[in-house]
Amino acid sequence: MSELKQIVELWRTAKASKEEVCLATVVRVEGSSYRKPGARMLLTRSGQRAGTISGGCLEAEVMKKAWWLTENGSTVQRYSSFFDDDSSMPYGLGCGGTVHVLLDRGQSAHHVLDALDLSLNSRIQFVIITDTNRAETLLVRGAGEEDLLRSPDLAALTDLEVLVQRAADDRRSFYATVHANTDHTSELFVEYLAPCPALTIFGAGNDAKPLADFALRLGWHVTVADGRSNLVSIERFPHVNRLTVLKYEGDSPLRELTINAEDAFVLLTHSYEQDRTLLRKLIPHKPKYLGVLGPLQRTQRLVGEIAAQVDMSPEECMSCLYAPVGFDIGAHTPESIALSIVTEIVAVLNGHEGMSLKKQARKQIHSKLNYV
């Protein structure tokens, strides 16, 4: 189960029983840190916990002090690799960074948790704005939704709507220094909360099962679609979000599915004819990730047969595809092949090429040396 799903499930349980909760959110990082801004941990008054805000070195300390630290309202606490401002005890953050954590057990935390729930289960994107100086969440806004939270203090801030639009358009979080109509200056953490990624797997064979499992562990919305009704079963895929039986004899086997260009699609049908039909319907949407299992020559042949039908050149069609699918990690088993595929999808959705961090670090060192 993904971390976000654990947080949402604990929140739903606490909400149903009206149990008090405290939400810890990383709102700023200086230097290196295992978790980045936006990482969250949910605590309940009964001692339950979901989520993490570090690699394991802060959770117990925050859990121990969160309730009395928030007796008079929300607060931002600073934890460094060396010593806490109020204590001589080291926290041992090992990574050499400083983490600023917002602790909140008020109604604003409830609105943020509701946004996490909607992001996960309804796939709605949100923009959350937090004033880190005042330890206050000012805005929780969902796409196409009414604001879950809108603080009266927002009226004093300039360029608020510009910041919200920027986060939604760029699909990323950032910091902004905003001057209020008074002499107050606000340091804002403008967080873009993306809807959970969605993956559609075409093909319900045995190789689809580990791929679906990996995606589900990441908290993705997973659909498995196949023309073979005996394989598209809850017994074979008990935890996926949707199972769809495709009808290839009709005009469009995808009429039962919503094709969103921001989603990921992988073809594991092991059928040349079915792949040709699916590619003819999918390529015009230019999905962010469209992977095809099989050798490059096979995919090139498929594209050559459908390019004219989708009014694109073969080169344009190939540029829309990740084929052969997956990263080269020496994968040979269904599980390792699934790992290579999901690794590539994560990289693409995050806008990364994908590289060993060891190589990346050495590349940065050489770049600095060359510059000097």
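A few points on the structure. (Residues numbered from 1 in each chain as written. Predicted model: local features only at pLDDT ≥ 70, side-chain atom pairs only at ≥ 80, totals over all residues. Heavy atoms only, no water.)

**Let's talk about the sheet that holds strand β15 (residues 289–292)**
And step 1. Taken together, 5 strands build an open sheet; the order of strands is β13-β12-β11-β14-β15 and the sheet is parallel. One side of each edge strand has no neighbouring strand; the edge strands of this open sheet are β13 (242–245) and β15. Here the average twist between neighbouring strands, direction ignored, is 15°.
And step 2. Sheet strands touched by helix α5 (residues 208–217): β11 (198–202), β12 (221–226) and β14 (264–267). Its angle to β11, the strand with the most contacts, is close to 175°. (Pairing = 2+ DSSP bridges. Helix = DSSP H or I, 4+ residues; strand = E, 2+ residues; numbered from the N terminus. Axes fitted to C-alpha atoms, helices over the stretch in contact; angles between N-to-C directions. Contact = heavy atoms within 4.5 Å.)

**With respect to the nonpolar core**
And step 1. Formed by 26 residues in total, the largest nonpolar core has its most connected members in Leu199, Ile201, Leu211, Val222, Val266 and Ile345.
And step 2. Elements that contribute at least two residues to this core include exactly β11, α5, β12, β14 and α9 (334–349).
And step 3. Per element, the largest residue contribution to this core is 6 residues, and it comes from α9.
And step 4. For Leu199, the contacting residues outside a window of four places in its chain are Leu211, Ala215, Trp220, His221, Val222, Thr223, Ala264, Phe265, Val266 and Ile345. (Core = buried A, V, L, I, M, F, W, Y, C linked by side-chain atoms within 4.5 Å. Buried < 20%, exposed > 50% of the residue type's maximum accessible area, 1.4 Å probe, protein only.)

**Re the layout of surface pockets**
And step 1. The computed volume of the largest pocket comes to approximately 1,700 Å³.
And step 2. Along the walls of the largest pocket sit 37 residues, with Ala194, Pro195, Cys196, Pro197 and Asn350 positioned nearest its centre.
And step 3. For the lining of the largest pocket, the secondary-structure elements that each account for two or more residues are α1 (3–17), β10 (185–193) and α9.
And step 4. By residue class, the composition of the lining of the largest pocket is 17 nonpolar, 8 polar and 12 charged. (1 Å grid on protein atoms, 1.4 Å probe; cavity = no way out; pocket = protein on both sides within 12 Å on 5 of 7 lines; lining within 4 Å. Points joined across faces, edges and corners; volume = space filled by probe spheres on them. Nonpolar A, V, L, I, M, F, W, Y, C, P; charged D, E, K, R; others polar.)

**Quick word on empty space enclosed by the protein**
It is the rolling of a water-molecule-sized probe over the atoms that shows where space remains empty.
And step 1. A full pass over the atoms with the stated rule returns 1 cavity of 30 Å³ or more.
And step 2. Its boundaries defined by the atoms lining it, the largest cavity holds a volume of some 70 Å³.
And step 3. Considering the residues around the largest cavity, the lining is formed by Leu23, Thr25, Arg40, Leu102, Asp104, Ala109, Val112, Ile128, Thr130, Thr137, Phe189 and Glu191.
And step 4. Of all the elements in the fold, those that place two or more residues in the lining of the largest cavity are β1 (21–30), β5 (98–104), α3 (107–121), β6 (126–131) and β10.
And step 5. By residue class, the composition of the lining of the largest cavity is 6 nonpolar, 3 polar and 3 charged.

**Quick look at the packing of helix α6 (residues 272–282) against helix α7 (residues 296–306)**
And step 1. Contact pair α6 / α7: the axes reach a minimum separation of 10 Å and the direction vectors enclose 55°. What the angle tells us is that α6 and α7 run oblique. The handedness of the crossing between α6 and α7 is right-handed. Counted together, Tyr272, Asp275, Arg276, Leu279 and Arg280 of α6 and Arg298, Arg301, Leu302, Glu305 and Ile306 of α7 form the full contact between these two elements.
And step 2. Class assignment of the residues belonging to the contact of α6 with α7 gives a composition of 4 nonpolar, no polar and 6 charged. (Parallel < 35°, antiparallel > 145°, perpendicular 65-115°, else oblique. Left-handed = near helix turned anticlockwise from the far one by under 90°.)

**Looking at helix α4 (residues 160–170)**
What sets the pattern is the α-helix's 3.6 residues per turn: residues three or four places apart point alike.
And step 1. Turning to α4, its buried residues number three or more, namely Leu160, Leu163, Val164, Ala167 and Ala168. Each buried residue of α4 lies within a common arc of 130° when the element is viewed along its axis, so the set occupies one face.
And step 2. Those residues of α4 that are buried lie in contact with β6, β7 (136–142), β8 (149–150), β9 (174–179) and β10.
And step 3. Arg171 sits one or two positions beyond α4 and adopts a positive phi of about 55°. (Arc of directions from axis to C-beta.)

**Looking at the environment of Arg276**
And step 1. If you trace the backbone, Arg276 turns up in helix α6.
And step 2. Distance from Arg276 to Val303, taken between C-alpha atoms, is 7.8 Å for residues 27 residues apart in sequence.
And step 3. Filtering out sequence-adjacent residues up to four positions away, Arg276 remains in contact with Leu302, Glu305 and Ile306.

**Considering the pairing of β11**
And step 1. With 5 of its 5 residues buried, β11 lies for the most part within the structure.
And step 2. Taking every second residue as pointing to the same face, both faces of β11 are buried, with Ala198, Thr200 and Phe202 on one and Leu199 and Ile201 on the other.
And step 3. Two strands pair when backbone bridges link them, and β11 and β12 are joined in this way by 5 bridges, in the parallel orientation. The residue bridging Leu199 from the neighbouring strand is Val222, located in β12.
And step 4. On the question of chirality, the crossover connecting β11 to the parallel β12 by way of α5 is right-handed. (Right-handed = clockwise from strand over helix to strand, strands pointing away.)

**Examining the sheet that holds β6**
And step 1. The strand order across the open sheet formed by 5 strands is β8-β7-β6-β10-β9, and the pairing between neighbours is antiparallel. Strands with a single pairing partner mark the edges of an open sheet, and in this sheet they are β8 and β9.
And step 2. Along the sheet face, α3 touches β6, β7, β8 and β10 and points at about 30° away from the line of β7.

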